[in-house]
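Inside the fold
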Amino acid sequence: MLDDELMSPAQREQLRAVIAALEVDAEDVYAVVCAALVQPPSRGEVALIVGVLHSEAVQYRRGEPAGQVIGRVMDLVEAIKEGRPIGPPARVDDDRY
């Protein structure tokens, strides 16, 4: 599926703003997101995004590139739309020692 079929550019912008707020360990994620966006999402939408980021399927961790996190969210959305099973993201461990 094309990226815009999975998530609109505005939704990706909201997701990126929430990730940025979490990266700086903001006390009030919603306030930081509102300050960053011209048309911010509702408080409930921000809470939903935070929940998705911390879900088993996405497993957001501070410090990882936002593009990787957004990619996992889009994989999750695609899996839901296609009716595929949802589980934790695949992790590659290259450290053999």
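Below or above, wherever it landed, is the structure these notes cover. (Residues numbered from 1 in each chain as written. Predicted model: local features only at pLDDT ≥ 70, side-chain atom pairs only at ≥ 80, totals over all residues. Heavy atoms only, no water.)

1. Here we look at helix α2 (residues 9-23)
What counts is decided by this rule: Comment: elements are numbered from the N terminus, with helices defined as DSSP H or I runs of at least four residues and strands as E runs of at least two. Helix span, as expected, comes to 1.5 Å for every residue beyond the first. Exposure classes here rest on a 1.4 Å probe applied to the protein chains alone. A residue is buried below 20% of its type maximum, exposed above 50%, and partly exposed in between.
With 15 residues, α2 extends 21 Å from end C-alpha to end C-alpha; this agrees with the ideal 21 Å at 1.5 Å per step. By the burial criterion, the buried members of α2 are Arg12, Gln14, Leu15, Ala17, Val18, Ile19, Ala21 and Leu22. Note on α2: the residue one or two positions beyond its end, Asp25, has a positive phi of about 55°.

2. As for the side chain of Glu64
Stated precisely, the cut-off is as follows: Here a polar contact is recorded for every N or O atom pair within 3.5 Å, except that within protein the pair must consist of a potential hydrogen donor and a potential acceptor, and residues adjacent in sequence are included only if both atoms are side-chain atoms. Whether two residues are in contact is decided by their heavy atoms: any pair within 4.5 Å suffices.
Here Glu64 shows up in the loop between α4 (43-53) and α5 (66-82). Within the structure, Glu64 has its side chain in polar contact with the side chain of Arg72 (distance 2.9 Å). In contact with Glu64, other than residues within four places in its own chain, are Glu23, Gln59, Val69 and Arg72.

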